[in-house]
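Listed below are the residues making up each chain.
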Amino acid sequence: MIVAIANQKGGVGKTTTAVNLAAVLASKRKTVLVVDLDPQANATSGLGVEPKEGVSLRGALLATERLDDFIVGTAVDKVNLIPAEVDLAGVEIELARSGDHLDGLRRVLEPVEKSGVFDYVLVDCPPSLGILLSSALSAADAVLVPMQCEYYAMEGLSVVMQLVSRIRRGGANPNLAVDGILMTMYSRTRLADEVVAQVRGHYGPSVYKTVIPRSVRAGEAPSYGLPVVAYAPSTPVAQAYFEAGAEFLQRAKMRQSVSRMTDAALPPVSSTIA
Ligand SMILES: Nc1ncnc2c1ncn2[C@@H]1O[C@H](COP(=O)(O)OP(=O)(O)OP(=O)(O)O)[C@@H](O)[C@H]1O
Ligand SMILES: [Mg+2]
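Note that the structure is predicted; figures quoted are calculated from it, not measured.

**Q** So what's going on with the site of ligand 1? Residues and values would help.
**A** Lys 14, Thr 15, Thr 16, Pro 213 and Ser 215 are the nearest of the 19 residues found near ligand 1. Between Lys 14 and ligand 1, the recorded distance is 2.8 Å, taken from a side-chain N or O atom to an oxygen atom. Contacts to ligand 1 include Thr 15, whose side-chain N or O atom sits 2.8 Å from an oxygen atom. Coverage of ligand 1 by the protein chains reaches 80% of its 630 Å² of free accessible surface. The element that contributes the greatest number of residues to the shell around ligand 1 is helix H1 (residues 14-27), accounting for three residues. Tallied by class, the residues present in the shell around ligand 1 amount to seven nonpolar, eight polar and four charged.

In structure tokens, the structure reads:
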């Protein structure tokens, strides 16, 4: 299952969610591949891997190199990574020129998905509305949208949701599901409570029950090259990510059984050819 972790707004907790969710899933014996799609390479360094020139998805996206050659281990057991580096920044223009806009990432990830080596592929998206984000949404089974508990967050959220519906309706990925919205960097203030209530009021069960609290530990962990769930597992923020991980697995299971149900509910092909 490929899950894009996306929000075009910067600094909302996408990378923190990607690396921590990966570590939590790995702690539950799942094999995980994190794809760092952001030239800032925060997920790469946040998993203890030093960004290296020429080691990124770029070559594979431009159909010049094999993806397998770029998969590396990380500081976290069972979490593998396709690193990023600054070169990835130029890829948008190169992809636009090649005309392979939206299908690029899907094509590249297909052999990885078919190999069945990984239970989950988590794609950490860059904070922009460019081709990299669109190609991640085109390749993904579901999108997880982290958002900060702040006033303008709702507006940003409607922008991602519009993009999701455009990717669905435009035919690039009609089956793209919304895994959920994860509220991050919550601090006990009236404003944060109001924002959470407003988002829940508008998006209902799409919003994760778990809310990730703000904590200096979350900001510290990347400088040690570790997700906070590994760096300080007993802190409230780490505990919240463990809960979010459990909720993520429940949601994934529910989506699978729903899609099996709809498959079963479809009439057999012969009866539809009247
Ligand atoms: N729960 C939290 N409490 C405190 N700080 C946090 C928390 N989550 C993330 N941060 C910090 O906030 C900053 C932004 O988080 P992060 O990098 O995860 O966001 P992002 O959406 O990936 O940003 P970008 O859009 O730049 O890729 C980072 O310095 C991170 O360490
Ligand atoms: Mg990031």
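**Q** Tell me about the packing of aromatic side chains, residues and numbers included.
**A** Any two aromatic rings considered together are summarised by their centre-to-centre distance and by the angle between their planes. All told, the structure shown has three aromatic pairs when counted by the stated rule. When the ring of Tyr 120 is compared with that of Phe 248, the centres are 5.4 Å apart and the planes differ by 65°; the resulting orientation is edge-to-face. Of the two residues, Tyr 120 is situated in strand E5 (residues 120-124) and Phe 248 in helix H11 (residues 236-265); the sequence distance between them amounts to 128 residues. Residue Tyr 120 is classed as buried on the basis of its relative accessible area, which comes to 10%. Between Tyr 151 and Tyr 152, the ring centres sit 5.5 Å apart and the planes meet at 75°, which makes this aromatic pair edge-to-face. Both residues of the pair, Tyr 151 and Tyr 152, belong to the exposed class.

**Q** Pulling in residues and values, what's your account of helix H5 (residues 104-115)?
**A** Taken together, the buried positions of H5 are Gly 104, Leu 105, Val 108, Leu 109 and Val 112. Along the axis of H5, the buried residues cluster in a sector spanning 80°; they form a single face. Exposed side of H5, more than 90 degrees from the buried face: Pro 111 and Lys 114 are the residues found there. Where H5 is buried, its residues contact strand E1 (2-5), strand E2 (32-36), helix H3 (58-61), E5 and helix H6 (131-139). At the exit of H5 stands Gly 116, carrying a positive phi of roughly 70°.

**Q** Please give an account of the packing of helix H7 (residues 153-169) against helix H8 (residues 190-203) that cites residues and values.
**A** Relative to each other, H7 and H8 sit at 30°, their axes nearing to 11 Å. Accordingly, the angle class assigned to the pair H7 and H8 is roughly parallel. The two elements H7 and H8 cross, and the hand of that crossing is right-handed. Residue-level inspection shows Met 154, Leu 157, Ser 158 and Met 161 of H7 in contact with H8, the latter providing Gln 198, Val 199, His 202 and Tyr 203. Taken together, the residues of the contact of H7 with H8 break down into five nonpolar, three polar and no charged.

About the thresholds
Residues numbered from 1 in each chain as written. Chains lettered and ligands numbered in written order. Predicted model: local features only at pLDDT ≥ 70, side-chain atom pairs only at ≥ 80, totals over all residues. Heavy atoms only, no water. Near = heavy atom within 4 Å. Polar contact = N/O pair within 3.5 Å; in protein donor to acceptor, adjacent residues only side chain to side chain. Areas by Shrake-Rupley, 256 points an atom, 1.4 Å probe, with all protein chains shown as cover. Helix = DSSP H or I, 4+ residues; strand = E, 2+ residues; numbered from the N terminus. Nonpolar A, V, L, I, M, F, W, Y, C, P; charged D, E, K, R; others polar. Phe/Tyr/Trp six-rings, centres within 6.5 Å; stacked < 30°, edge-to-face > 60°. Buried < 20%, exposed > 50% of the residue type's maximum accessible area, 1.4 Å probe, protein only. Arc of directions from axis to C-beta. Contact = heavy atoms within 4.5 Å. Axes fitted to C-alpha atoms, helices over the stretch in contact; angles between N-to-C directions. Parallel < 35°, antiparallel > 145°, perpendicular 65-115°, else oblique. Left-handed = near helix turned anticlockwise from the far one by under 90°.

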